[in-house]
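Per-entry structural report
Listed below are the residues making up each chain.
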Amino acid sequence: QSALTQPASVSGSPGQSITISCTGTSGDVGSYDSVSWYQHHPGKAPKLIIYEVNKRPSGVSDRLSGSKSGNTASLTISGLRAEDEADYYCSSYAVPTIFYVLGTGTKVTVL
Amino acid sequence: EVQLVESGGDLVQPGGSLRLSCAASGFTFSSFEMNWVRQAPGKGLEWVSYITGDSIARYTDSVKGRFTISRDNAKNSLFLQMNSLRAEDTALYYCAREIPNCVGDCLDYWGQGTLVTVSP
């Protein structure tokens, strides 16, 4: 079971919107509405920002939104801010193979 | 306040063993599924293992037969017994809690991690 595929890096200017893709297969992303997204600032604990494809935990900004189409999930960050600069990871069920699989990670840079 | 505090990371030789612990507080530990996730130096996050409240476990392929996840609900503690360690197991190991009844991993609380280094 390979990791879900994400672009290595995405960048944008403050105020812009960016979208990070997360491509899996019919055995993981395509089969379950189980995609989560995590924001990870280096040196800190990862933070859950989206779960079950498009749900936001309490306290997470509504500038962050998730979606899915077929085997690809997406995270959109609107109104980009300096504090959005971090690494972002998607994840999904991959039953009955690996159980959970994480994405390769995307470094977001705010220009 | 929910807290997860990992411990037990160390420098160990290839082939050696280590037991990681995660002390949980601020929630009813026995009611939550728990996970271990690791990050090798300069690499991305990798899911390692999962355990239900009644100790049903799952593992990523690379650690099957070498790592064992367990929990002590009376002591609010999660463990990861790591045997036959390899250089590629070198990583920061996080314990993380799942949102109950969530579809997928949904890891809403994470510890700060404990560092495992496997080197001669």
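First, a word on what this report is: a plain description of the structure on this page. (Residues numbered from 1 in each chain as written. Chains lettered and ligands numbered in written order. Predicted model: local features only at pLDDT ≥ 70, side-chain atom pairs only at ≥ 80, totals over all residues. Heavy atoms only, no water.)

Our next topic: the packing of aromatic side chains. The geometry of an aromatic ring pair comes down to the distance between the two centres and the angle between the two planes. Considering all chains together, one arrives at twelve aromatic pairs over all chains under this definition. For the ring pair Tyr32(A) and Tyr93(A), a centre distance of 5.5 Å and an interplane angle of 65 degrees mean the geometry is edge-to-face. Taken as a pair, Tyr32(A) in the loop between strand S2 (18-23) and strand S3 (36-40) and Tyr93(A) in strand S7 (residues 86-94) lie far apart in primary sequence, 61 residues in all. Aromatic side chains Phe27(B) and Phe32(B) sit 5.0 Å apart centroid to centroid with 80 degrees between the ring planes, which places their arrangement in the edge-to-face category. For the residue pair Phe27(B) and Phe32(B), the accessibility class agrees, reading buried in each case. (Phe/Tyr/Trp six-rings, centres within 6.5 Å; stacked < 30°, edge-to-face > 60°. Helix = DSSP H or I, 4+ residues; strand = E, 2+ residues; numbered from the N terminus. Buried < 20%, exposed > 50% of the residue type's maximum accessible area, 1.4 Å probe, protein only.)

Here we come to the nonpolar core. Formed by 44 residues in total, the largest nonpolar core has its most connected members in Trp37(A), Ile49(A), Leu75(A), Tyr88(A), Trp47(B) and Trp110(B). Of the residues forming this core, the biggest block, six residues, is contributed by S7(A). Grouped together as the second largest cluster of nonpolar side chains are 27 residues, Ala24(B), Phe32(B), Val63(B) and Ile69(B) included. (Core = buried A, V, L, I, M, F, W, Y, C linked by side-chain atoms within 4.5 Å.)

Moving on, we come to the interface of chain B and chain A. Contacts between the two partners involve 26 residues from chain B, matched on the other side by 21 residues from chain A. With both sides pooled, the region where chain B packs onto chain A buries about 1900 Å², and carbon together with sulfur makes up 62% of that total. Taken together, the connections running from chain B to chain A amount to zero salt bridges. Secondary-structure elements contributing two or more residues to the side of chain B that touches chain A are strand S4 (34-39), strand S5 (45-51), strand S6 (57-59), strand S9 (91-98) and strand S10 (107-110) of chain B. With four residues, the single largest contributor to the side of chain B that touches chain A is S5(B). Classifying every residue of the side of chain B that touches chain A by side-chain character gives twelve nonpolar, eight polar and six charged. (Contact = heavy atoms within 4.5 Å. Buried area = accessible area lost by both parts, 1.4 Å probe. Salt bridge = Lys/Arg side-chain N within 4 Å of Asp/Glu carboxyl O. Nonpolar A, V, L, I, M, F, W, Y, C, P; charged D, E, K, R; others polar.)

All names here are of chain A. A sheet is described by the order of its strands in space; here three strands give the open sequence S2-S6-S5, paired in antiparallel fashion. Two strands in the sheet have a free side with no partner beyond their single neighbour: S2 and strand S5 (64-69). Taken over all neighbouring pairs, the strand axes of this sheet differ in orientation by 20 degrees on average, direction set aside. As paired strands, S5 and strand S6 (residues 72-77) are joined by six bridges and run antiparallel to one another. (Pairing = 2+ DSSP bridges. Axes fitted to C-alpha atoms, helices over the stretch in contact; angles between N-to-C directions.)

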